[in-house]
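What the coordinates show
Take a look at the letters that make up each chain.
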Amino acid sequence: MELDVKYNPSAVEDKWYAYWLDNKFFHSEPDGRKPYSVVIPPPNVTGILHMGHMLNQTLNDVLVRKARMDGYNACWVPGTDHASIATENKVVKMLEEKGIKKADLTREQFLEYAWEWKEKYGGIILQQLRKLGASCDWDRTRFTMEPALSEAVINTFVYFYKKGLIYKGVRMVNWDPDRCTAVSDEEVVHKDTKSHFYHLRYYISDGNGKPTDKFLVIATTRPETIMADAAICVNPADERHHWLRGKKVLIPLINREIPVIEDDYVEMDFGTGCLKVTPAHDVHDYEIGMRHNLPILDIIDEHGRLNEQAQILVGEDRFVARKKIVKMLEEAGNLVKVEEYISPVGYSEKSDAVIEPRLSAQWFLKMDKLAADALETVESGRTKLIPDKYRNTYRHWMETVRDWCISRQLWWGQQIPAYYLPDGRIVVEATPEKALEEARKLVPGLKAEDLKRDEDVLDTWFSSWLWPISVFDPEMPGNPGHKPNADLAYYYPTSDLVTGPDILFFWVARMIMAGEEFMGREPFANVYLTGIVRDKLGRKMSKSLGNSPDPLELIAKYGADAVRIGMLLCSSAGNDIFYDESQIEQGRNFCNKIWNSFRLIKGWTVDASLEQSEVNKVAVKWFSNKLSQVVETVEDHYSKYRISDALMTIYKFFWDDYCAWYLELVKPAYGAALDKETYDNTLEFFSALLKLIHPVMPFITEELWHALEPRKEGSTIMYEHTPEVKAYDKAFIDAFELAKEAAGSVRSVRQQKGISPKEPLKLVVKGAFPVELLPVVKKLANVSDVDFRDNLNNLSGVGFMVGTIEMFVLLEGLVNAEEEIAKLEAALEYQKRFLDSVRKKLSNANFTAHAPEAVVAGERKKEADSLSKIASYESQLKQLKNN
RNA sequence: GGGAGCAUAGCUCAGUUGGUUUAGAGCAUCUGCCUUACAAGCAGAGGGUCGGCGGUUCGACUCCGUCUGCUCCCACCA
C-alpha cells in the first residue's frame, strides 16, 4: 500500500462521517448500560456556525465520545432554537427586499413566509456541525417550535397560569422601539454612552398658569420628555428647596402646571437636586408617581416617536425631538447650560436600539420561588458549575432576579394561550376549543368568534428552558394526564452541559428552574462554561468586526481534526480563547505526525525467526509502563474537565515518547526486518494511542484504526474501550529518563563539537547507571562502546553528569581545555550556590524542627547529591588544569 | 456605583491543602541537519528578579494586606 507523504483529511472525513451515520453509531436507545446524555445548546435556526459554536461543539463531542468509549450509552441530542426576535428580523428583512411590508400581511401570511424561510435556511448550522465530526444522535433532532415542543410550551404556560405564577400586568418594561416589542431585563445591555446633561429652567406659576420671575433648575438627559412631566421632586431634607413647598411650576414651552413634591429618592448632591418626574418614561419616576398619585402621561409611541399627547414635535423620533427641543428651549430662554455627560444607557441586545422604558400590558412569570429552588440546586452542588467562580455570579443573579416578562410583541413564536371574553375576562387554556368550553362556563352561549386570543408570543427562552426535558418527552411531566416516559426516565438528568457563560442566566438558570419544577431535580450534573473566542487583539469575534474566520473554510483547509485540536489547545474552562490560526496549523501538523508514524510502521517487514533484541525488549517494557502512567494522567485530567491538559498530555506522549523515543529505538536498520514480538507490541501501542486520541481527533483515528488491520464490516474505533490503566513500574519509568538524559547529553556534545550523528562515539561511565538501559543510550546517541570505570582520570574528551552519575565522551583532539574549564567552573559555581542554599536551610534549627521529615530528608539528599557533583566537577577540573 | 476574576518566558497557559520547582509545557526564537516516516520534519540551545510594595512563616509563585493594570458581571438614562 502506497501512502501519501501528507495526510489528506478531506478525502477521509466525509467517508467516515457517512459510515458512522449509515451504521447509526450515534444513535442511542435506552438499554442496560449507564446513560451519558447531553443536550446541545440549540443554535438559532437561521444561524451559521461561528467560532464560538466550534469551541462548544468540539468540547461537547470530546466529552460524548470519551463517555461512549468508557462504556456509557452516550446520547447527544441536537436541535435548533426558533429564536423569535432574530428569526423574525431576518424574515422581515427578506420580505422588505421583496418589497413586502410586514404590516401589510396577516399573521397567518407572515407565518407562512417564516416557515418557508425556516425550511429553506434553517438547520444549515446542523449540517455544518456534521463537518466538525459532531456525534449527535440526528434521529433525535428537535426544533423548539416543532408542534410537539410548541405544545409543551403552551402546556407549561397553562400550568403556571393555573398555579398562579403567571400574571398579566401593566408594567414599565424594556421596550425595543426598533422591533416594537418588550424585551426582558437580561436582553438589555448597558453601555456607557456620551450624552448631555441639560439644565432647564422651570418658572414658578403664579397660581393662574402664568410664570412669575422665580424659577428652579432641573437637570435632565432627556429634555424631549418634559411634556410628560407630572411633577418636580426634591428631597425633603434639602433646605435649599424648602421655599418651593406647595408651589407649582410651569413646564417650559407648553406651560402646563405641575406640582413640586418631596421624596427621599432624590439625591441632593446630584444635578441640581431637583428632579423632573416623568412617570411614563422612567422606571423610577414611575415608582415615585405611584407613591404620590401622579397622573401618567405617555407621550412616546411604540416606534419611539412623540405622539399627540406631547402637543409639540408630534411624530418626531425621540432623538430628533431631543435636538429640536433643546433649540426651542434655548430660544425660549429655558436652557441654563449643557454639560457633557457619560451615563449608562440600556440597549437592546438584539437590535442595538436604545431601550425605551415603556408602560405596557405584559405577561409575567413570578420568579421568587423558582429562583430560590434553582439557587439551591447549585449551592448544594447537585449541579456543578465549571469553573466554580461562576457560582458567585449565579447566586447574585438568583437573589436579585425580578419577575420575568415573558410576552413578546412578535408573531414568530408560540402564541400566548390566553383568550379574552367580550367583557375583558380572561381564560387560559391549551387549545381554543378548551378555552371556549371554559369561557362558556362564564358566559353561556358564547361563540368562538367572541373569544379573542392574545396577540403576543412567548419569549424564546420560555421554550428553550424546557429543552432538557422536552427533547425527551414533549408531553412534559406536570401536565394533567402525563404518562411516564422511558426516554426521560433513562436520560434525565443529563450529564454535562457545555455552553458559554453569556447565557448562564438566560438559559442555564432557567433550565434549572424548569428542571426543579417539573422533574423535581436538576437538569444536568455539570455545566462546563467555555470562554469567549477572541481574536489575537483580544476582541470578541463578531460578524460586524469581520474578525471571525469561516469555520467551514478552516475545516476545508486544515481538516476537522486539526481545527478541533486548534480550538482545544488553548481552552481551559472559563478562560477566554485567543484564537490564532497557528494553533490549527499545529493541529494539522499533529495529524501529519500521526499519519507518518503509521507510514513508518506499515513499511516495516517482520521476520518471525528473529529474537527480540535487548534494546527492543527494554523499549517495549518502558513504553507499556509509560502508557499506563499516561492513561492515568489523562483520565485524571478528564475527570476534572481539564480537556486541554488531557490533549497536551496525549500530544506529547505521542509525539515525544512514541515517535521520538520508542519508534526510534525499535526502528530497524534500513532494509532490515523487525522481530515479531516487537512488531506486534508496536501495533498494539499504536492502536492504544489511536483510542486515546479518538475523542479529540475522530476522523484520522478511525481511518488509521481501519488501516492498521482488517476490520469486520460495521466495526468502529468509536466503540472501542479507552485503554486501561494497568499497574506500572514508576521507578523504571524514572530510570528511563536517565537514559534519555544521557542520550541527550551525548547529542549535545556532538552539536557543540560538530560531530556528525553518523560517527559512533565511545562513552565512559562512573556510577550506577542501569545496565539494562545501556542499549537505549547506545542506539539513540550512536554510542558504540560503554566502559564503566571507577575514575575518569587521564581521559581526553567531554564529561557531563546524569543525576549523580558521571559520563565522559571520549574525544581525541577535539577538546578545547579552556572551554571545558570554563564550563565546568560555571557548573561548579552554580552547584556551590545551590549547596549553600540547601545548607542554609538545614542549619536552621527551626527548619529541621518544624518541617516534615520527608522534606528534611529531601534536603539532605539534595545536599549529598550536590556534594557528590561538586566533588566530581572538582576532580575533572583538576585533571584539565594538570594537562 | 456595586460585585467577581485575572496578572508566571516573545505568545497562550500549567503550577492540585506553602516544602525534591533559585519555577514547567506548547508554540515562537536561535544553532546544526534534505539522517529513506514526517522540512507540516529531526537534533540541540537560549529565554522568566512568578505585576509593584509590605506582612505572616523556619520556608511564599502559592496565604494576608495594599497599590497598579486588564477583563467580566450586575445596576434605575436626573
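Structure shown above.
Residues numbered from 1 in each chain as written. Chains lettered and ligands numbered in written order. Predicted model: local features only at pLDDT ≥ 70, side-chain atom pairs only at ≥ 80, totals over all residues. Heavy atoms only, no water.

**Considerations on the packing of helix 19 (residues 614–639) against helix 20 (residues 643–666)**
- Between helix 19 and helix 20, the least distance of the axes is 10 Å, while the angle of their chain directions is 175°. Here helix 19 lies roughly antiparallel to helix 20, going by the angle between them.
- Here the contact of helix 19 with helix 20 is composed, by residue class, of 18 nonpolar, four polar and three charged. (Axes fitted to C-alpha atoms, helices over the stretch in contact; angles between N-to-C directions. Helix = DSSP H or I, 4+ residues; strand = E, 2+ residues; numbered from the N terminus. Parallel < 35°, antiparallel > 145°, perpendicular 65-115°, else oblique. Nonpolar A, V, L, I, M, F, W, Y, C, P; charged D, E, K, R; others polar.)

**Observations regarding the pattern of salt bridges**
- Inspection of every chain in the model, using the stated rule, returns 64 salt bridges.
- Of the charged contacts in the structure, one is a salt bridge between R318 and E356, with a shortest N-O distance of 2.9 Å. Of this pair, R318 sits in helix 8 (residues 318–332) while E356 sits in strand 14 (residues 356–365), and the two are 38 residues apart along the sequence.
- With a relative accessible area of 5%, R318 lands in the buried category.
- Looking at E356, the relative accessible area reads 2%, which means it is buried.
- With a closest N to O distance of 3.8 Å, R711 and E709 form a salt bridge.
- A relative accessible area of 24% places R711 in the partly exposed class.
- By relative accessible area, E709 is classed as partly exposed at 40%.
- Taken together, the shared-partner salt bridges in this structure form one network comprising R222, E224, R318, R322 and E356. (Salt bridge = Lys/Arg side-chain N within 4 Å of Asp/Glu carboxyl O. Buried < 20%, exposed > 50% of the residue type's maximum accessible area, 1.4 Å probe, protein only.)

**Considering the nonpolar core**
- L365, F462 and Y658 are the most contacted members of the largest nonpolar core, which has 190 residues in total.
- Residues within four places of L365 in sequence aside, it is in contact with F160, L165, I166, L370, D403, W404, I406, F462 and W465.
- With 29 residues, the next largest nonpolar core counts Y198, L200, I218 and I226 among its residues. (Core = buried A, V, L, I, M, F, W, Y, C linked by side-chain atoms within 4.5 Å. Contact = heavy atoms within 4.5 Å.)

**What about helix 25 (residues 817–843)?**
- Over its 27 residues, helix 25 extends 37 Å from the first C-alpha to the last, a length consistent with the 39 Å expected when each residue adds 1.5 Å.
- If you check which residues of helix 25 are buried, you get E820, I821, L824, L828, Q831, L835, V838 and L842.
- Those residues of helix 25 hidden inside the fold are in contact with helix 23 (730–753), strand 30 (797–802), helix 26 (845–850) and helix 27 (853–882). (Expected span 1.5 Å × (residues − 1).)

**A look at the protein's contact with RNA strand B**
- Near RNA strand B lie 64 residues; those nearest to it are F197, H284, Q586, F834 and N844.
- Of everything in RNA strand B that lies within 4 Å of the protein, sugar and phosphate atoms constitute 54%.
- Within the backbone of P344, one N or O atom sits 3.0 Å away from a sugar or linking oxygen of RNA strand B.
- Here a sugar or linking oxygen of RNA strand B and a side-chain polar atom of Q586 are 2.6 Å apart. (Near = heavy atom within 4 Å. Polar contact = N/O pair within 3.5 Å; in protein donor to acceptor, adjacent residues only side chain to side chain.)

**A word on the side chain of D229**
- Topologically, D229 is positioned in the loop between strand 8 (211–220) and strand 9 (231–234).
- Residue classification places D229 among the buried positions, given a relative accessible area of 1%.
- With residues up to four places along the chain from it excluded, the contact list for D229 reads Y202, I251, R256, I258, K276, V277 and T278.

**Observations regarding the sheet that holds strand 29 (residues 783–788)**
- Strand order across the open sheet formed by four strands is 29-28-31-30, with mixed pairing between neighbours. The open sheet has two edge strands with one neighbour each: strand 29 and strand 30. Adjacent strand axes in the sheet meet at a mean angle of 25°, parallel and antiparallel pairs treated alike.
- The pairing of strand 30 with strand 31 (residues 805–810) spans six bridges and is classified as antiparallel. Counted as the bridge partner of G799 is F808 from strand 31.
- Its contacts with the sheet put helix 27 on strand 30 and strand 31, and the angle it makes with strand 30 is roughly 175°. (Pairing = 2+ DSSP bridges.)

**Looking at the environment of I40**
- Within the secondary structure layout, I40 lies in the loop between strand 1 (35–39) and helix 2 (51–69).
- For the pair I40 and N60, spaced 20 residues apart in sequence, the C-alpha separation works out to 8.2 Å.
- Setting aside residues no more than four positions away along its own chain, I40 makes contact with Q57, W76, V77, P78, G79, L129, W467 and W507.

**As for the sheet that holds strand 18 (residues 418–420)**
- With antiparallel pairing, the three strands of this open sheet are ordered in space as 19-18-20. Where the open sheet ends on each side, the last strands, each with one partner, are strand 19 (426–428) and strand 20 (452–453).
- Bridge count between strand 18 and strand 20: two bridges; the pairing is antiparallel. Bridged to Y420 within strand 20 is K452.
- With respect to the sheet, helix 6 (residues 147–162) is in contact with strand 19 and strand 20, its orientation differing from that of strand 19 by roughly 125°.
- Most of the contacts of helix 11 (residues 432–442) go to strand 19, to which it runs at about 140°, and overall it touches strand 18 and strand 19.

**Re the pairing of strand 30**
- Most of strand 30 sits out of view: five of its six residues are buried.
- Connecting strand 30 to the next strand, strand 31, in antiparallel fashion are two residues, including G803 with a positive phi near 60°.

**Details of the packing of aromatic side chains**
- Applying the stated rule across the entire model yields 49 aromatic pairs.
- On the numbers, 5.0 Å between centres and 85° between planes, the contact of Y159 with F160 is edge-to-face.
- Of the residues examined, F160 reaches a relative accessible area of 0% and is grouped as buried.
- Here the aromatic rings of Y658 and Y662 are separated by 5.6 Å at their centres, their planes lie at 15°, and the arrangement is stacked. Taken together, the residues Y658 and Y662, both in helix 20 and four residues apart, mark about one turn of the helix. (Phe/Tyr/Trp six-rings, centres within 6.5 Å; stacked < 30°, edge-to-face > 60°.)

**A word on helix 15 (residues 504–519)**
- Of all 16 residues in helix 15, 14 are buried; the element is thus mostly enclosed.
- A positive backbone phi angle near 75° is found at G520, which sits one or two residues after helix 15.

**Re the side chain of T383**
- Residue placement: T383 occurs in the loop between helix 9 (368–379) and strand 15 (384–386).
- Within polar-contact distance, the side chain of T383 engages the backbone oxygen of F524 at 2.7 Å.
- Setting aside its immediate chain neighbours within four residues, T383 contacts T377, V378, I512, E522, F524, A525 and V527.

**Points about the state of the cysteines**
- Tallied over the full model, the rule gives zero disulfides.
- With no disulfide of its own, C405 lies 15 Å from the sulfur of C180, the closest cysteine sulfur.
- C591 forms no disulfide, and the closest cysteine sulfur to it belongs to C659, at a distance of 13 Å. (Disulfide = S-S within 2.5 Å.)

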